Each structure stands twice: as structure tokens, then as C-alpha cells.
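# Residue-level structural notes
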Amino acid sequence: MRSISVFGSTGSIGESTFDLLMRQGGPERYRTVALTGGRNVARLAEQARSLKAELAVIAEARLLPDLRAALAGTATECAGGPMAVAEAAERPADWIMSGIVGAAGLAPGFRALSHGSVLALANKESLVTAGPLLMARARKHGATILPVDSEHSAVFQALLGENLATVEHITITASGGAFRDWPMERLAAATVAEASCHPNWAMGQRITIDSASMFNKALEVIEAKEFFGIDPDRVEVLVHPESLVHALVGFRDGGMIAHLGAPDMRHAIGYALNWPDRAHLPIARLDLARIGSLTFRNPDPARYPALRLAREVMRIGGLAGASFNAAKETALDAFIAGRIRFTDMAAVVEKVLDRLSATGGLGKVPDSIDMVLDIDGQARRIAAETMQ
Ligand code: NAD
Ligand code: MG
């Protein structure tokens, strides 16, 4: 029986993963080693019951008694707190979903790689903050990282059987987010509710707002560079409002391979879950004749300053990715809390990068997760100071 764990199982990626696991046989087919959630005790307990999980962990430690009460009478062991989440990753499983949002997903994913199993990586922040460390750990332990971000899963599939040396460019598409067609002068007054509506994808709130600002795409460009080991200049972004072509790979003979599909994360998750096989998945099929046309355009640099910052981060390398992500997470928290404007987020991130660059330490290549977490903390403090 295949053993699995899901980190962030109560989130958007986690729910889609849970849905596929249940459709593909649930506890009859999978032995669930661990499920973790942030705060939603009731949902975590329901999932743990359905999958007969051996361990359920709630990241918010004060909620542990509630989780114990919700799972009373079951054989599921309960734990709470961030350390317990990371420790859950020490339990071997054949397939592990890294579906926590933000830098909080780094430590569990990193630890999970030691089993030499498959890590389905939705948590792009892990690669942005500590890509070389993660990839090296996977190699050392013979683990396989499969990208779950839809664009990266698409590139992965387009590259099957290809030689990376023949690739001219990897192009990831972007919907353009909630404000794609807004007049620029309205952006500063954009509300959290407005930024939380994605034109095509149903996702967690943070990534949805990051889609409106294109910080999500900025993270994804860095993620692509780290995962595929490709020169940053060869990673391109194209705005594609229909969100049906997820990525294109261009080769030196002039040919391009594109990956298309409905905007449903269960495709990329199901691909990773069943890899190297392909299983029947409950994804809407595209009727291209009915869709008629697909449109593309270059992203407007003035509307999406995050893309320029991502280029700068890749140029610096080292600890720049972790600083960028931490500053972005702090600015996003402040925007969600109503403390800064939508357009202030990029300005805050830029200031943090400038301040940390001035110290000269940003290009340093981290040799441990602790070094990454240290700069993450510094960047959060500077971001908070900047917004006072
Ligand atoms: P979400 O907010 O819906 O869910 C996040 C999960 O992580 C929840 O289970 C939450 O409880 C848990 N969590 C949050 N903070 C935590 C913490 N500090 N410690 C432990 N657990 C914590 O987010 P999501 O949209 O599912 O995104 C998850 C990851 O997948 C992100 O890295 C995101 O960029 C990536 N991703 C998501 C989608 C999507 O469609 N939602 C698509 C591509 C990539
Ligand atoms: Mg994506």
C-alpha cells in the first residue's frame, strides 16, 4: 500500500489533494502517515477520519486540545505547533505533498526529502528561498521533487524526453490577475476584496492577491530557474488571459511544445500523484473549437514591478530569494490588514532588498536552512520598520 502525507491539507492545494486521494480509493488504497493544517481543526479532523490518518498536526499549538477532542475515539495521534509539523515530515512516506503556504513550508519539505521518496512541491517559496539546498538534498537522498505549480508541471511534462541543452526558452503564462485591465491610476485604491478575486483560478487568498500584483509570477520565474537549472534570461512570462496554456518550451530548432488544460489544480496534483503513470482525472476537457481563440501579450513592466524585482533577485542570487519572499510576505500581511496600499507592496520589497544589499551579504550562498531562516527574519524586521 502506498504511504502518503499531506502538509497544508486544509488549504486550497490540500483540499484538491484530499479530493483526488478520496476519488482514487482513499484509505483502501493509501496509508496516510500524516496530515497537517494551520488552524482549521474541524476540517483537519474530518480529513483525518476519512483517510484514517496515523497522525494529525495543527500548526497553531493552542488548538491541540480541540483537535484531540475532535478525534477522540479514533486511532489518530494528535500533535500541535510548528515543531510538530516539521517533525511529522520525519515520518517516512512514499509520496508527500508540500502544500503549506509561505516560508513556513520550507522546513517540513526540506526534512521530508531525507526519505528518498517523492515530494510533490506546491510550496514554491521553498525553491525561491532555498532552491540549491533543496535540490542538493533531493540528490543526496535519491528523492524526487515533482513540481505542482501548474506552470512548472506543464514545463516538466513538455520536457519529458528532451535535452535541456536544446531549450531556448521556458515561457510561463500569467492570467494578469484581478487588475489586468484596470486603469493604472486605480491600482493604489484597490481593496483586499478586489485583489482576492482571481479571473480564472480558485486558490488560497494569499496566492490570489499575489496573482493580482504578479508577485506570484515573480516567485514562479525564480522557481523555474531553480527547479530546471536554466539561465534566468531564458525564463519568460507571457500574459495569457484565458489561463488555458500553462507554459511553453521553445527549442533551438524553432519548435515549441505547449501544455494546455482547464485551470484546475487537480491536474498538476494528480499528475504528481500518479507519476510516472497518468490516471483518469476529473478535469474538464477543453473544447478548443468552442473556445475559438487564445490570446497572449507581454506583461506591462509598469503595472507589474514585481517581475523586475525577480530579475534583480536572480541576478544577485544567494540569499536574495529568501529576502525577497520574506519581505513580500510581510508586505502582503500589511496589505491584508489594511495597513498599506496595494501598490505599496512592491515599494516595500524593493526597499528591503536595497537595505540588505547595502550590507553586502545578500549574494552569500546559504549552506544551511538556518542561514535562510536568519535572513528571512531580518527581511521581515526591515519590512516592518519600513512600513512604520
Ligand atoms: P492556502 O492558504 O489555501 O492553504 C495553506 C495551507 O497551509 C493551509 O492548510 C494552512 O492551514 C496551512 N498553513 C498556513 N500557514 C501555516 C503555517 N505557518 N504553518 C503550518 N501550516 C500553515 O494556500 P494554497 O493556495 O493552498 O497554497 C499552498 C501553496 O501552494 C503555496 O505555496 C502556493 O503558492 C502554492 N500554489 C497554490 C496554488 C493554488 O491553486 N492554490 C497553485 C499553485 C501553487
Ligand atoms: Mg502557478
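Residues numbered from 1 in each chain as written. Chains lettered and ligands numbered in written order. Predicted model: local features only at pLDDT ≥ 70, side-chain atom pairs only at ≥ 80, totals over all residues. Heavy atoms only, no water.

What follows concerns a nonpolar patch on the surface. Together, Leu260, Leu286, Leu288, Leu294 and Phe296 make up an exposed nonpolar region whose accessible area comes to about 370 Å². Relative to the helices and strands, leucine 260 resides in strand S11 (residues 256-260). (Patch = residues over 30% accessible without salt bridge, like charges linked within 9 Å, V, L, I, M, F, W, Y side chains within 5 Å. Areas by Shrake-Rupley, 256 points an atom, 1.4 Å probe, with all protein chains shown as cover. Salt bridge = Lys/Arg side-chain N within 4 Å of Asp/Glu carboxyl O. Helix = DSSP H or I, 4+ residues; strand = E, 2+ residues; numbered from the N terminus.)

The next point concerns the environment of alanine 53. In this structure, alanine 53 sits in the loop between helix H3 (41-51) and strand S3 (55-58). On a C-alpha basis, the gap between alanine 53 and serine 5 in space is 8.8 Å, while along the polypeptide they are 48 residues apart. If sequence neighbours within four positions are ignored, alanine 53 has contacts with Thr32, Leu35, Ala48 and Thr76. (Contact = heavy atoms within 4.5 Å.)

With that settled, consider the nonpolar core. Core analysis: the biggest nonpolar cluster contains 132 residues, and Leu67, Met97, Phe228, Phe324, Phe342 and Met345 have the highest contact counts within it. Among the elements that make up this core, the one with the highest residue count is helix H15 (residues 320-336) (9 residues). The residues touching leucine 67, leaving out its near neighbours within four places in the chain, are Val41, Leu44, Ala45, Ala56, Val57, Ile58, Cys78 and Ala79. (Core = buried A, V, L, I, M, F, W, Y, C linked by side-chain atoms within 4.5 Å. Buried < 20%, exposed > 50% of the residue type's maximum accessible area, 1.4 Å probe, protein only.)

One can describe the packing of helix H11 (residues 215-228) onto H15 by two numbers: an axis separation of 12 Å at closest approach and a directional angle of 165°. Judged by the inter-axis angle, H11 sits roughly antiparallel to H15. Regarding H11 and H15, the two cross each other, and that crossing is left-handed. Mapping the contact onto sequence places Phe215, Ala218, Leu219 and Ile222 in H11 and Phe324, Asn325 and Lys328 in H15. (Axes fitted to C-alpha atoms, helices over the stretch in contact; angles between N-to-C directions. Parallel < 35°, antiparallel > 145°, perpendicular 65-115°, else oblique. Left-handed = near helix turned anticlockwise from the far one by under 90°.)

With that settled, the discussion passes to the domain arrangement of the chain. How big an interface is tends to be expressed through the accessible area that disappears when the partners come together. You can read the domains of the chain as domain 1 (2-147), domain 2 (149-263 + 283-300) and domain 3 (317-388). Between the C-alpha centres of domain 1 and domain 3 there is a distance of 27 Å. Facing 9 residues of domain 1, the contacting portion of domain 3 comprises 12 residues. Summing the contributions of domain 1 and of domain 3, the shared interface buries around 810 Å²; its carbon and sulfur component is 75%. Looking at the side of domain 1 facing domain 3, the largest losses of area belong to Ala103, Thr129 and Leu133, adding up to 53% of the total buried there. Summed over the shared surface of domain 1 and domain 3, the number is 0 salt bridges. Along the contact surface separating domain 1 from domain 3 lie 1 residue pair in polar contact (both at pLDDT 80 or more). Among the elements of the structure, helix H6 (106-112) and helix H7 (124-141) are those that each provide at least two residues to the side of domain 1 that touches domain 3. (Domains from an automatic or database assignment. Buried area = accessible area lost by both parts, 1.4 Å probe. Polar contact = N/O pair within 3.5 Å; in protein donor to acceptor, adjacent residues only side chain to side chain.)

Sheets are built from strands that pair by backbone hydrogen bonding, the pairs being arranged parallel or antiparallel. Ordered in space as S9-S8-S10-S11, the 4 strands form an open sheet in which the pairing is mixed. The two strands at the open ends of the sheet, each matched to only one other strand, are strand S9 (235-239) and S11. Along the sheet, successive strands turn relative to each other by an average axial angle of 20°, direction set aside. Sheet analysis places strand S10 (residues 245-251) next to S11, joined by 5 bridges and oriented antiparallel. Across the sheet, leucine 248 pairs through a bridge with alanine 258, a residue of S11. (Pairing = 2+ DSSP bridges.)

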